Amino acid sequence: MRIIVTDSYEEMSTVAARIVAGQLYLKPNSVLGLATGSTPEGMYANLVKVHQSVGLDFSEVISFNLDEYIGLDKENEQSYYYFMHKHLFDHVNIKPENIHIPNGNPENLEEECKKYDKLIEAKGGIDLQVLGIGQNAHIGFNEPDIKFEATTHKVKLDEETIKANARFFEHEEDVPKYAISMGIKTIMLAKKIILLASGKNKAEAIYKAIYGSVRPDAPASILQLHQDVVVIVDKDAASLLPEKIKRFCKINKNQEQPSRIYKFYIIEGCFLLCQL
Ligand code: PGA
């Protein structure tokens, strides 16, 4: 697991966008696993900027979103279908037929879940998965549980998640109680994962994800077992991490000095390809 601590939300978003852009330069037909929520909004804004300024190409990209609320129509402004179109898909040249978001109103939910996993597999699996993290350390909508749910499944949302997401709705009662989410196995099968977090309210979840024991009541902790995860956190979300780690992982902004972080070349590599 590699950890990058940034000074701000904006810097976190820029670093994440550079990694995604780098992925698309290296493999234009990448299969991307995408996340919603307020955390990746800045990353999407940066990607749109790179598309519009230097033509970052999405024409061969295939996307799979992590999750969707059950019971909201696509037109509902709080649906993740709506979110993704508003923040990314409507502004880049991704083909509509290459966009996949779980259907939150399926005739047969079990079939929908199976179909989603089969489709991901048929497209060759996810090359780069973008993750946010809940205050309860959920990833996707994999809530703390007594076991890790492997595949795409129906989830009963935690009270904590409903409260956290109520800020997007007029009333807390309007937040759907159920969702459909990619499972932990599906996420863990991604070839690369980036996990983003910003703000003090994510500090405990980030600590658990990186340092806690691997257990299903802190779902993000499973990422410690993945071979290629980059955690990109602003300093508030990193505030509970040991000082030693923070110093080691901070981005060295002085371009004259060689960076002490071995992962820095990824960012620099992408930077050379696309100036955000
Ligand atoms: P947020 O949600 O980005 O809106 O904080 C993240 C999550 O719940 O996974």
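The text that follows walks through the structure, step by step, so that each part is easy to find. This one's a predicted model, so the numbers in the text were calculated from it and none came from an experiment.

Describing helix 2 (residues 41-54)
(1) Moving on: The end-to-end C-alpha distance of helix 2, which contains 14 residues, comes to 20 Å, matching closely the 20 Å that a straight helix rising 1.5 Å per residue would cover.
(2) Moving on: Tucked into the core, helix 2 has its buried residues touching helix 1 (9-26), strand 2 (31-34), helix 3 (80-87), strand 6 (128-131) and strand 9 (192-197).
(3) Moving on: Looking one or two places after helix 2, you find Gly-55, whose phi comes out positive at around 75°.

Details of the sheet that holds strand 9
(1) Moving on: Within the open sheet, the 7 strands sit side by side as 1-10-9-6-2-3-5. Their pairing is parallel. The open sheet has two edge strands with one neighbour each: strand 1 (2-6) and strand 5 (99-100).
(2) Moving on: In this structure, strand 3 (residues 62-65) lies alongside strand 5, joined through 2 bridges in parallel fashion. What sits directly across from Phe-64, in strand 5, is His-100.
(3) Moving on: Of the strands in this sheet, strand 1, strand 2, strand 6, strand 9 and strand 10 (229-234) are in contact with helix 1, which crosses strand 9 at around 165°.
(4) Moving on: The strands touched by helix 4 (residues 109-122) within the sheet are strand 3 and strand 5, with strand 3 carrying the most contacts at an inclination of about 150°.

Observations concerning unusual backbone geometry
(1) Moving on: The phi dihedral of Ala-137 is positive, around 70°, even though this residue is not glycine.
(2) Moving on: Within the secondary structure layout, Ala-137 lies in the loop between strand 6 and strand 7 (153-156).
(3) Moving on: With a relative accessible area of 1%, Ala-137 lands in the buried category.

Calculation notes
- Residues numbered from 1 in each chain as written.
- Predicted model: local features only at pLDDT ≥ 70, side-chain atom pairs only at ≥ 80, totals over all residues.
- Heavy atoms only, no water.
- Helix = DSSP H or I, 4+ residues; strand = E, 2+ residues; numbered from the N terminus.
- Expected span 1.5 Å × (residues − 1).
- Contact = heavy atoms within 4.5 Å.
- Pairing = 2+ DSSP bridges.
- Axes fitted to C-alpha atoms, helices over the stretch in contact; angles between N-to-C directions.
- Buried < 20%, exposed > 50% of the residue type's maximum accessible area, 1.4 Å probe, protein only.

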